[in-house]
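Observations on the model geometry
One-letter residues, chain by chain:
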Amino acid sequence: MLLRFILKLPFVFMTSLALLLFCTTMMYWSFKPDVSFLLTKQDVVHQPVWRTAFYVHIFGGMLAIALGPLQFIKILRQRYMNVHRAIGKIYVTSILCIAAPTGLYMAFYANGGLYASIGFVLMSVLWFYTTWMAIYSIRKKQIEQHVHWMIRSYAITFSAVSLRLWVPFLSLYTTMDHLHIIIITAWISWLFNLIVAEGVIKFGK
Amino acid sequence: MKTRSIKTGLILIAIASVFALSSFTGATPKPEPEKIKTDWKEYHEVQQYVEENICEPIRKNYVLKHGKSSLHSFSRCPSGYHSEMITATDSVKTDRFVNGEIVFYKGCESSYICDFKVCVEKGFAVVRSKGSKNYISVNEWLQRREQYAKKTIKG
């Protein structure tokens, strides 16, 4: 019983952080141009295209980050397959049609310049690809492949959380300057998650 | 079926990329690039000097009331003390006096801490609070802040 609980702790921790991000992102819905991250984007925040992309991106991202953990709950998959499918459809739509394309667009305006932009562009493309492959494999009835691609997809979705953990960690506990922190975290936020995802796929059977 | 799905996927990625790139180039009018000759090596040397001689002592001795970690730090913006140059980028040289501000970031929100003036070659580093005319050494500034904080608590 205790062992089962301990094994579930990482999942509970991940879900809590995902919900924390969901809650902290709510502040953007005041539509004020000087809230949190938007303070650093004053050069583009008044451009209608960028601003629209930003709100569309956080809408899709919020859906994906909050719904993703539900898909890993075994009981939901076994007993309520219709619910699993319905949530899955919302999850993939929110990434493929909303969050990934707008994320790709916003990557070109990323803080930290070219190197950070490349990191975010790659992340958006991989986010789209892994989610697409998850749908492709389930349509082919390849359940195991579907699970693997979904783990990879959510690992990239979760990079929104890990970015917000890496940045304060590096800024408070290292002497790295802010620009380097922004560039480095644009890469490790999703690369590290993908490595963990591969570990979960390999050893978590 | 397989080929069709891959084709559809590739088309979607291509459309998204073309849209993103076209909006990107269209959204920002390209002004003529300024010909600034910035010596980035020297710039970083000055930045490092400010970090070691001003930010570091402040970080060690001046604890802000909001503390180190808070929910604000759960952010994509780096937290902590940061130097921002007021002197134009191309004038930031190790043999010149360079002016700037020290700000404290709590996530993406920043608060002003003090002004600074440094010259790397002369080993010169002084600071002042907003409204003060004279620059003083970092240690003196820290002592004054401490005295002020004590008075505020007593009052």
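Residues numbered from 1 in each chain as written. Chains lettered and ligands numbered in written order. Predicted model: local features only at pLDDT ≥ 70, side-chain atom pairs only at ≥ 80, totals over all residues.

Moving on to the overall build of chain B. The number of helices and strands found in chain B is three helices and five strands. Sorting the 155 residues of chain B into buried and exposed places 24% on the buried side. (Helix = DSSP H or I, 4+ residues; strand = E, 2+ residues; numbered from the N terminus. Buried ≥ 20, exposed ≤ 12 C-beta atoms within 10 Å, placed from the backbone.)

In terms of nonpolar packing, the biggest core is built from 48 residues, with Ala64, Ile95, Ala100, Trp127, Ala155, Phe158 and Val167 of chain A touching the most fellow members. Taken together, the elements giving at least two residues each to this core come down to helix 2 (48-67), helix 4 (81-107), helix 5 (113-139), helix 6 (143-157), helix 7 (159-173) and helix 8 (178-203) of chain A. (Core = buried A, V, L, I, M, F, W, Y, C linked by C-beta atoms within 7 Å.)

What follows covers the sheet that holds strand 3 (residues 109-119) of chain B. All names here are of chain B. Taken in spatial order, the five strands of this open sheet run 1-2-3-4-5, and their pairing is antiparallel. Single-partner strands in this sheet number two, and they are strand 1 (80-85) and strand 5 (136-137). Relative to strand 3, strand 2 (residues 98-106) runs antiparallel, the two being bridged by nine bridges. Looking at the pairing, phenylalanine 104 lines up with serine 111 of strand 3. Contacting strand 1, strand 2, strand 3 and strand 4 (124-128), helix 2 (residues 40-61) runs over the sheet at an angle of about 140 degrees to strand 1. (Pairing = 2+ DSSP bridges. Contact = placed C-beta atoms within 7 Å. Axes fitted to C-alpha atoms, helices over the stretch in contact; angles between N-to-C directions.)

When glycine is set aside, most residues are seen to have a negative phi, and most peptide bonds are trans. A positive phi angle, near 40 degrees, is found at serine 36 of chain A, a position not held by glycine. In this structure, serine 36 of chain A sits in the loop between helix 1 (2-25) and helix 2.

Close inspection of predicted coordinates is inappropriate in any region flagged by low pLDDT. Residues and elements named next belong to chain B. On average, residues of chain B carry a pLDDT of 80, and 72% of them reach 70 or more. Element-level pLDDT for chain B is lowest in helix 1 (residues 2-27), with a mean of 62, against a maximum mean of 95 in strand 4. Listed scores for the predicted complex are pTM 0.79 and ipTM 0.82. (pLDDT = per-residue confidence, 0-100.)

A few words on the pairing of strand 2 of chain B. Residue and element names in this part refer to chain B. When strand 1 meets strand 2, the two strands line up antiparallel, connected through six bridges. Opposite tyrosine 81, over in strand 2, you have phenylalanine 104 as the bridge partner. Hairpin connection between strand 2 and strand 3: a loop of two residues separates the two successive antiparallel strands, and glycine 107 in this loop has a positive phi of roughly 65 degrees.

Next up on the list: the packing of helix 5 of chain A against helix 8 of chain A. Residues and elements named next belong to chain A. Two numbers describe how helix 5 lies on helix 8: the axes approach to 8 Å, and their chain directions differ by 15 degrees. Here helix 5 is positioned roughly parallel relative to helix 8, judged by the angle of their axes. At the point where helix 5 passes helix 8, the crossing takes the left-handed sense. Seen from helix 5, the contacting residues are Tyr115, Ala116, Gly119, Phe120 and Met123; seen from helix 8, they are Ile182, Ile183, Ala186, Trp187 and Trp190. Classifying every residue of the contact of helix 5 with helix 8 gives nine nonpolar, one polar and no charged. (Parallel < 35°, antiparallel > 145°, perpendicular 65-115°, else oblique. Left-handed = near helix turned anticlockwise from the far one by under 90°. Nonpolar A, V, L, I, M, F, W, Y, C, P; charged D, E, K, R; others polar.)

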